Amino acid sequence: MNETANNAYSRSPGNKYEVSQKIKAPPAPPDSPNRKNPVSSAVNMKRQVGLLSGIAIIVGTMIGSGIFVTPGSLLRRAGSVPASLIVWAACAILCIMGALSYAELGTMIPLSGGEHAYFMVAFADLHPFWGPLPAFMFDWLTVVLMKPSSLAALSLSSAEYIVASFKSNDLSLEEECESPYLDICRKCLAAVCIGIICFVNCYSVKLATRVQVSFTVAKLAAIAVIVAGGAYMLSLGHTQHLTQGFGSGTTTVGGIASAFYSGLFAYDGWNNLNFVTEELKDPFRNLPRAIISGIPIVATAYLLINIAYLSVISPEHLAVTNTAAVDFGRSLLGVAAFLMPLSVVMSTFGAANGSQFTAGRICYVASRDGHLVDALSYVHVKRLTPTPALLFNATLGFFMMLSGDIIALIDFFSFTAWIFYGCAMLALLVMRWTKRSLSRPYKVPIILPIIVLLSSIYLIIAPVAADPRPEFLYAIGFILLGLTIYVPFVYYKVELKWMRPITRVIQLILEVAPTSSPEIFQESS
């Protein structure tokens, strides 16, 4: 990990990051791979993601396994049907406010990498040590744990429902999956899922986005079946589960936060388009449009799905099941009940594909800015995909999948994600004061990032205060481990000499090369 020649931010004599009017990469040092490989100046990722693909990335990554497994836990934590529906709607509003704030960040700083780029511009010039630290911690936790764990969880969910589609309707998925042979089968299917997704994303950006669009259409069709079935049952008068009062709904600070955790996990992915801004066609227009179009689609679908569930499944049963879609299909579709597990497979596979797509870009940008090894910032010379970064994410996801203990990783993911969402809102507010000259093609009302920031503080503190769990200690442990890496390799730029021959081998085997930095216009005249 050394200071890469492809840094997308210019440095002033005081070693501070500044956003100039036109950002260009500084000259490569004599021993840089860029000096040795003449193709590097011509290798860069292209803008191939259009508005439809952008909406598909948002919708496809948000609608994954969450809506099929978390309604029960949210209902249980909320304590009543009306309270659970209010939480679902509140989660949607919170995500929309956060996404609109991210739209300003993404159009103001049109670089891939999401929070990494925003933290670098907002904080890196405030202090030579502490300034770049938030961006590095985001890179570290996201690349090493959050994205691989998300890929593993989604792949395992796909595998579980593939197995469920071949089973009888008399036994629950949890009961039948206790067999060690089925567990091995599930992990093998999850490994195949990871392999296919990795191949698709390494092969072609267009293929990956087409897969995303196709599975997004398929999962929306499956959701339409659920909603239509629920509407049919409601038309027959099955409204008794929806007319229940609030009853003894949760009123504790920790209980409300826990209910929001269940809902927000299902909504997670609303910011994924910001990770691929450099590949988005006309990002100043398409990024806000995709956000404004995509998230309301998901929010509407989630509310209708929950109402459809409750038209068939009792609240008491829904509160204790993690396979609501399967239970819905068994109660309503009869011999066609196998369609529900297959629809969940399509949904989770599409979400895993979107997660892998964005994870590769986070790793690629973090490496390009010197926060990870340089080889992870290289792209394939012909296919223009970040192959090393994608393979790295898939490898970590594969090993996490083998452990099978995904629940703890999901809890850690949700807790850590809202730390960074809050930091992104803080970065936006800081730049409103320190970067007033930056061009803002889209400007969000200042009250929205403030609300999201306060909400993130509540979501971080309330669960820890109400119910301290090991996952929070894991978060602290990974942060401390990240600091031990940041000080020598990022701040002091200690270079590992033995990485050079490894990098050359990677270049030869994968046919990858360093990229040129993007040029963007930032300051208004």
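Reading guide: rules and limits
Residues numbered from 1 in each chain as written. Predicted model: local features only at pLDDT ≥ 70, side-chain atom pairs only at ≥ 80, totals over all residues. Heavy atoms only, no water. Helix = DSSP H or I, 4+ residues; strand = E, 2+ residues; numbered from the N terminus. Buried < 20%, exposed > 50% of the residue type's maximum accessible area, 1.4 Å probe, protein only. Contact = heavy atoms within 4.5 Å. Areas by Shrake-Rupley, 256 points an atom, 1.4 Å probe, with all protein chains shown as cover. Salt bridge = Lys/Arg side-chain N within 4 Å of Asp/Glu carboxyl O. pLDDT = per-residue confidence, 0-100. Patch = residues over 30% accessible without salt bridge, like charges linked within 9 Å, V, L, I, M, F, W, Y side chains within 5 Å. 1 Å grid on protein atoms, 1.4 Å probe; cavity = no way out; pocket = protein on both sides within 12 Å on 5 of 7 lines; lining within 4 Å. Points joined across faces, edges and corners; volume = space filled by probe spheres on them. Nonpolar A, V, L, I, M, F, W, Y, C, P; charged D, E, K, R; others polar. Polar contact = N/O pair within 3.5 Å; in protein donor to acceptor, adjacent residues only side chain to side chain. Axes fitted to C-alpha atoms, helices over the stretch in contact; angles between N-to-C directions. Parallel < 35°, antiparallel > 145°, perpendicular 65-115°, else oblique. Left-handed = near helix turned anticlockwise from the far one by under 90°. Core = buried A, V, L, I, M, F, W, Y, C linked by side-chain atoms within 4.5 Å. Phe/Tyr/Trp six-rings, centres within 6.5 Å; stacked < 30°, edge-to-face > 60°.

**Notes on the overall build of the chain**
When helices and strands are counted, the chain shows 20 helices and 4 strands. A burial count over the chain gives 58% of its 525 residues as buried. Long-range pairs, those at least 24 residues apart, make up 83% of the contacts in the chain with a sequence separation of at least 6. Only carbon and sulfur atoms are counted for the fraction: they give 67% of the accessible area of the chain, which is about 20600 Å².

**Observations regarding the pattern of salt bridges**
Scanning all chains against the criterion turns up 5 salt bridges. Across the salt bridge formed by Lys435 and Asp125, the nearest N and O atoms sit 2.9 Å from each other. Of the two residues, Lys435 is situated in the loop between α17 (406-434) and α18 (447-466) and Asp125 in the loop between α6 (115-123) and α7 (133-164); the sequence distance between them amounts to 310 residues. One exposure class covers both Lys435 and Asp125, and it is buried. Note that Glu495 is salt-bridged to Arg500, the shortest N-O span being 3.0 Å. The exposure class assigned to Glu495 is partly exposed, which follows from its relative accessible area of 27%. With a relative accessible area of 27%, Arg500 lands in the partly exposed category. Beyond isolated ion pairs, a larger network of salt bridges with shared partners links Glu104, Arg432 and Arg440.

**Focus: the confidence of the model for the chain**
When pLDDT is averaged along the chain, the result is 79, and 82% of the positions lie at 70 or above. Contacts of residues 519-525 to residues separated by more than four positions or lying in other chains number 29 contacts, the stretch itself having pLDDT below 50.

**So, unusual backbone geometry**
Of note, Lys493 is a non-glycine position whose phi angle comes to about 55°, a positive value. Of note, Lys493 is situated in the loop between α19 (470-491) and α20 (499-510). In this structure Lys493 comes out as partly exposed when scored by relative accessible area, which is 29%. Here Glu511, not a glycine, exhibits a phi torsion of approximately 55°, which is positive. Here Glu511 is to be found in the loop between α20 and β4 (512-513).

**A closer look at a nonpolar patch on the surface**
Residues Ile446, Ile447, Ile450, Ile451, Leu454, Ile457 and Ile461 make up a contiguous nonpolar surface patch of roughly 580 Å² in combined accessible area. Judged by its relative accessible area of 39%, Ile457 is partly exposed.

**Quick look at empty space enclosed by the protein**
The tally for this structure, following the rule as stated, stands at 4 cavities of 30 Å³ or more. Approximately 360 Å³ is the volume attributed to the largest cavity. In terms of lining, the largest cavity is formed by 29 residues, of which the most central are Lys147, Ser150, Asp268, Gly269 and Phe413. Secondary-structure elements contributing two or more residues to the lining of the largest cavity are α2 (51-62), α7, α11 (253-267), α15 (339-368) and α17. Tallying contributions element by element places α7 first for the lining of the largest cavity, with 8 residues. Here the lining of the largest cavity is composed, by residue class, of 15 nonpolar, 11 polar and 3 charged.

**Some details on the side chain of Thr107**
Considering the arrangement of structural elements, one finds Thr107 in helix α5 (residues 81-108). At 2.8 Å, the side chain of Thr107 forms a polar contact with the backbone oxygen of Ala103. Within the local environment of Thr107, its side chain forms a polar contact with the backbone oxygen of Glu104, the two atoms lying 3.3 Å apart. The residues touching Thr107, leaving out its near neighbours within four places in the chain, are Pro283, Phe284, Leu287, Pro288, Pro441 and Tyr442.

**As for the packing of helix α14 (residues 324-332) against α15**
At a minimum axis separation of 8 Å, α14 and α15 run at an interaxial angle of 150°. Regarding the angle of α14 to α15, the classification is roughly antiparallel. α15 is crossed by α14, and the crossing has right-handed handedness. Residues Ala325, Val326, Phe328 and Gly329 of α14 lie in contact with α15, whose contacting residues are Met340, Pro341 and Val344.

**Some words on the nonpolar core**
Ranked by internal contacts, the top residues of the largest apolar core, which has 146 residues, are Tyr267, Trp270 and Tyr309. The greatest single-element share of this core, amounting to 16 residues, is contributed by α7.

**Here we look at the packing of aromatic side chains**
Considering all chains together, one arrives at 21 aromatic pairs under this definition. Between Phe136 and Tyr486, the aromatic rings sit 5.3 Å apart at their centres with planes inclined by 45°, giving tilted as the arrangement. Of this pair, Phe136 sits in helix α7 while Tyr486 is found in helix α19, placing the two residues 350 residues apart along the sequence. With relative accessibility at 1%, the residue Tyr486 sits in the buried group. Between Trp270 and Trp418, the ring centres sit 6.4 Å apart and the planes meet at 45°, which makes this aromatic pair tilted. Of the two residues, Trp270 is situated in the loop between α11 and α12 (283-312) and Trp418 in helix α17; the sequence distance between them amounts to 148 residues. Given the relative accessible area of 3%, Trp418 is considered buried. An aromatic cluster is present here, built from Phe129, Trp130, Phe136, Tyr486, Tyr491 and Tyr492 joined pairwise through their rings.

**Describing the environment of Tyr492**
Mapping Tyr492 onto the fold places it in the loop between α19 and α20. Once the C-alpha coordinates of Tyr492 and Phe129 are considered, the two residues, 363 residues apart in sequence, prove to be 9.6 Å apart.

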